[in-house]
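Notes for the structure review
Residues per chain, in single letters:
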Amino acid sequence: MSESRLARVLAADGKTEAAVLVPVFRDAAGEPVLVLVRRREGGDHGGQIAFPGGKREAGDGSMLAAALRETEEEIGVSPDRVEVLADLPEVETRTTGYRVFPFLVRVAPPSRWRPAEAEIAEVLEVRLEDLARPEARGRAVEAFPTWPEPREVPFFRVGRHRLWGLTYRILEPLLPKLVAGEWRI
């Protein structure tokens with residue numbers, strides 16, 4: 001992490017700092033795959049499709065360390081199975097007060113995902129090609145207590161689920177670059 005990015009992390013303005021990994025790998029057929037989690041119900045982001053990661057804790061030496069620790073806790077991927085491909089731009093949630101630092105990573109997936117039972121309902125492996133199809137995109141009107149009125153929200157369809165919000169805003173500009181092969185997955 002660059003010094004300027006570290007300085008911004010230390011100068012947080014009351015937002016809850018969190019970090020996520022955007023894990024990708026190639027499946028047995030050689031297809032690029034994105035790893036997502038569906039969070040259990042409850043909490044600030046319950047039931048949502050998200051990237052593995054979470055809040056920074058006092059013992060985390062960096063935002064990347066927080067993302068690696070949280071990912072290991074949530075889905076059982078140890079840091080030695082992760083290669084960072086890029087620091088992505090930080091993003092803020094629009095309703096829950098989080099500042100999130102995402103990292104694009106290549107992972108060597110375990111033989112079996114180990115979702116943390118209390119936090120993760122399921123681990124999803126989604127082919128990038130499926131997300132890039134026009135029919136994977138949609139829009140819905142959503143209302144939240146912190147919004148003055150309902151708004152139209154874009155999303156990706158992931159099976160029977162919708163990937164929206166901060167996760168969508170991280171993935172949407174990244175997806176064409178991943179599909180085009182900007183990074184070696």
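Residues numbered from 1 in each chain as written. Predicted model: local features only at pLDDT ≥ 70, side-chain atom pairs only at ≥ 80, totals over all residues. Heavy atoms only, no water.

Moving on: the nonpolar core. Counting residues in hydrophobic clusters, the biggest one holds 30 residues, and the most contacted among them are Leu34, Leu36 and Leu104. Among the secondary structure elements, those contributing two or more residues to this core are β1 (16-26), β2 (32-39), β7 (98-107), β8 (120-127), α3 (128-132), β10 (151-158) and α4 (165-179). Of all the elements, α4 adds the most residues to this core, at seven residues. Not counting residues within four places of it along the chain, the set of residues in contact with leucine 36 comprises Ile49, Ala50, Phe51, Glu122, Val123, Leu124, Val126, Val158, Leu163 and Thr167. Formed by 21 residues, the second largest nonpolar core is a distinct cluster that contains Phe25, Ile75, Phe101 and Phe103. (Core = buried A, V, L, I, M, F, W, Y, C linked by side-chain atoms within 4.5 Å. Buried < 20%, exposed > 50% of the residue type's maximum accessible area, 1.4 Å probe, protein only. Helix = DSSP H or I, 4+ residues; strand = E, 2+ residues; numbered from the N terminus. Contact = heavy atoms within 4.5 Å.)

Here we take up the side chain of arginine 99. Examined against the element boundaries, arginine 99 turns out to sit in strand β7. Here the side chain of arginine 99 touches glutamate 92 through a polar contact of 2.9 Å, side chain to side chain. (Polar contact = N/O pair within 3.5 Å; in protein donor to acceptor, adjacent residues only side chain to side chain.)

Looking now at α4. An ideal rise of 1.5 Å per residue puts 21 Å on 15 residues; α4 measures up with 21 Å between its terminal C-alpha atoms. In α4, a bend of some 35 degrees at proline 173 exceeds every other bend along the element. If you check which residues of α4 are buried, you get Leu166, Thr167, Tyr168, Ile170, Leu171, Leu174, Leu175 and Leu178. (Expected span 1.5 Å × (residues − 1). Bend = angle between axes of the 7 residues up to and from the residue.)

Let us now look at the confidence of the model for the chain. Averaged over all residues, the pLDDT of the chain equals 89, while 90% of them reach at least 70. For the chain, helix α1 (residues 3-10) is the element with the lowest average pLDDT, namely 40, and strand β5 (residues 82-87) is the one with the highest, namely 98. Confidence drops under a pLDDT of 50 for residues 1-12, and excluding neighbours within four residues, the segment shows 22 contacts in the predicted structure. (pLDDT = per-residue confidence, 0-100.)

In this section: the sheet that holds strand β9 (residues 137-142). Taken together, the three strands give an open sheet; going across it, the order is β9-β10-β11, and neighbouring strands pair in antiparallel fashion. The sheet is open, and its two edges are formed by β9 and β11 (161-164), each paired on a single side. Across this sheet, the average inter-strand angle for adjacent strands is 50 degrees, counted without regard to direction. The pairing of β9 with β10 spans six bridges and is antiparallel. Counterpart to alanine 140 in the pairing with β10 is valine 153. The sheet contacts of α4 involve β9, β10 and β11, and relative to β11 the element is tilted by about 75 degrees. (Pairing = 2+ DSSP bridges. Axes fitted to C-alpha atoms, helices over the stretch in contact; angles between N-to-C directions.)

Turning our eyes to something else, we now look at the pattern of salt bridges. Summed over all chains, the structure comprises 18 salt bridges. Of the charged contacts, one joins aspartate 130 and arginine 133 as a salt bridge, the two residues approaching to 3.7 Å between their closest N and O atoms. On the accessibility criterion, aspartate 130 (31% relative accessible area) is partly exposed. If you follow the salt bridges from partner to partner, you end up with Glu57, Asp60, Arg69, Glu70 and Glu73 in one network. (Salt bridge = Lys/Arg side-chain N within 4 Å of Asp/Glu carboxyl O.)

Moving on to helix α2 (residues 63-75). A rise of 1.5 Å per residue sets the reference length of α2, with its 13 residues, at 18 Å; its end C-alpha atoms lie 18 Å apart and thus fit the reference within 8%. Every buried residue of α2 is accounted for by Met63, Ala66, Ala67, Leu68, Arg69, Glu70, Thr71, Glu74 and Ile75. The backbone nitrogen of leucine 64 has a side-chain oxygen 3.4 Å away, supplied by the residue at the start of α2, namely serine 62.

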